[in-house]
Amino acid sequence: MILYLTKQTFERFNLAPPELMRSPVKEITEEVKKREQGNRLLEWGGKLLYFDRRKCIQFTNFASKFTVFLIDVKVKDLQYLGDGIFQYLIDFYKNNGEMTALIERLAKEHPFVVIDRLKDKSIISTLNRTQLTFAEDGYRFYDFIENNILQSKKINRKLNSDWLFTQKVEGKSEPEYFYSGEKFEELLKGYYAEV
C-alpha cells in the first residue's frame, strides 16, 4: 500500500522523502512502489488536519474515495498508519463476511506501507473538499463526542455510507455520484475476481 501525503503533512511529521531514505528501507520502498504504483486501489492520499489541537490525518483511497480519519496521530504512530486504515475498513464492513475476508487478504498480500509525496491533483481536491464540507475543518467532530469520547468509528461509517462523492468519467459530461463504501466494495470484489 502506498500512502501519498501532502507537503504540509510531510513537514509537520518530519518525514523524509523516499529518495533520502537509507538502505534497506529505500530498496523496500522502491520495490513496493514499483509493484503497486498505478493500482489506484492500493494508493491512498493523506492530509493533515487538526481537531482540538490534535494532529489528525485524513486518508482517501484513489480508486473509490473511501475515506478514513485517523485522530490524534503522533510521530510514533506513523508506523501503524496502514493498520489504522485496515482497522476502519474492517469495522465498516464488519457485517459483511465476504468483504472482511477480502480486506484481510488484501492486508496479507500487501503488508508493506510506503510513504511518498502526494501529487495527484484530483485526490488533493477530494481531500480539501471533504475536510471543508464533511469535516468542517474538524469542527464537525464535536458532534461525534459521546460521554467525553470521540466516536471516530461513527465518523468514518457516516462519511463512507451517507456522503456522496463525485468522480469524472471519461467520455461523459456529467460526473458519477456514489457512496465510497459501496464503490470500495465493488472495486475490491472486482479486483479479486480478476486475480
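Our subject is the structure listed above.
Throughout what follows, the structure given in this document is the object of discussion. (Residues numbered from 1 in each chain as written. Predicted model: local features only at pLDDT ≥ 70, side-chain atom pairs only at ≥ 80, totals over all residues. Heavy atoms only, no water.)

A few points about the overall build of the chain
Helix and strand counts for the chain come out as seven helices and nine strands. What you see for the chain is a C-alpha radius of gyration of 16 Å, in line with the 16 Å of a compact globule of 195 residues. Dimensions of the chain, computed from the C-alpha atoms along their principal axes, are close to 45 × 40 × 35 Å. The buried share of the chain, taken over its 195 residues, is 45%. Long-range contacts, defined as pairs at least 24 residues apart, comprise 63% of the intrachain contacts of the chain with a sequence gap of at least 6. (Helix = DSSP H or I, 4+ residues; strand = E, 2+ residues; numbered from the N terminus. Rg over C-alpha atoms; globule rule 2.2 N^0.38 Å. Buried < 20%, exposed > 50% of the residue type's maximum accessible area, 1.4 Å probe, protein only. Contact = heavy atoms within 4.5 Å.)

Considering the packing of helix H4 (residues 97–109) against helix H7 (residues 180–194)
At their nearest, the axes of H4 and H7 sit 11 Å apart, and the two run at 65° to each other. The interaxial crossing formed by H4 with H7 has left-handed handedness. Where H4 approaches H7, its residues Glu98, Met99, Leu102, Ile103, Arg105, Leu106 and Glu109 are matched on the opposing element by Phe184, Glu185, Leu188, Lys189, Tyr191 and Tyr192. (Axes fitted to C-alpha atoms, helices over the stretch in contact; angles between N-to-C directions. Left-handed = near helix turned anticlockwise from the far one by under 90°.)

Considerations on the side chain of threonine 29
Checked against the element boundaries, threonine 29 lands in helix H2 (residues 25–36). Look at threonine 29 and you get buried, because its relative accessible area is 5%. The residues contacting threonine 29, other than those within four sequence positions of it, are Pro18, Met21 and Val114.

A word on the side chain of lysine 47
As for its placement among the helices and strands, lysine 47 is situated in strand S2 (residues 43–51). Here the side chain of lysine 47 touches asparagine 128 through a polar contact of 3.4 Å, side chain to side chain. Among the polar contacts listed, one links the side chain of lysine 47 to the side chain of glutamine 131, at a separation of 2.6 Å. Residues contacting lysine 47, with those up to four places away along its chain left out, are Thr6, Thr9, Cys56, Ile57, Gln58, Leu127, Asn128 and Gln131. (Polar contact = N/O pair within 3.5 Å; in protein donor to acceptor, adjacent residues only side chain to side chain.)

Considerations on the packing of aromatic side chains
One pass over the structure, following the stated rule, counts 13 aromatic pairs. Ring centres of phenylalanine 69 and phenylalanine 141 lie 5.1 Å apart, and the angle between their planes is 75°; on these two criteria the pair is classed as edge-to-face. Here phenylalanine 69, found in strand S4 (residues 67–70), pairs with phenylalanine 141, found in the loop between helix H5 (121–134) and strand S6 (145–146); they are 72 residues apart in sequence, far enough to count as distant. According to the relative accessible area criterion, phenylalanine 69 is buried, its value standing at 0%. (Phe/Tyr/Trp six-rings, centres within 6.5 Å; stacked < 30°, edge-to-face > 60°.)

Thoughts on H7
Because an α-helix completes one turn every 3.6 residues, residues spaced three or four positions apart along the sequence face the same direction. In a regular helix each residue adds 1.5 Å, so 15 residues correspond to 21 Å; H7 covers 21 Å between its end C-alpha atoms and thus fits that length. Those residues of H7 that fall on the buried side of the exposure criterion are Ser180, Gly181, Lys183, Phe184, Leu188, Tyr191 and Tyr192. Mapping the buried residues of H7 onto a view down its axis gives an arc of 160°, with all of them on the same face. Away from its buried face by more than 90 degrees, H7 exposes Glu182, Glu186, Ala193 and Glu194. (Expected span 1.5 Å × (residues − 1). Arc of directions from axis to C-beta.)

Notes on the packing of helix H3 (residues 81–92) against H4
Where H3 meets H4, the closest approach of the two axes is 9 Å, and the angle between their N-to-C directions is 165°. The angle between H3 and H4 falls in the class roughly antiparallel. Considering how the two elements wind past one another, H3 and H4 form a crossing that is right-handed. Two secondary-structure elements touch here, H3 through Phe86, Leu89 and Ile90 and H4 through Thr100, Ile103, Glu104, Leu106 and Ala107. (Parallel < 35°, antiparallel > 145°, perpendicular 65-115°, else oblique.)

All we've got here are geometric facts, nothing functional implied.
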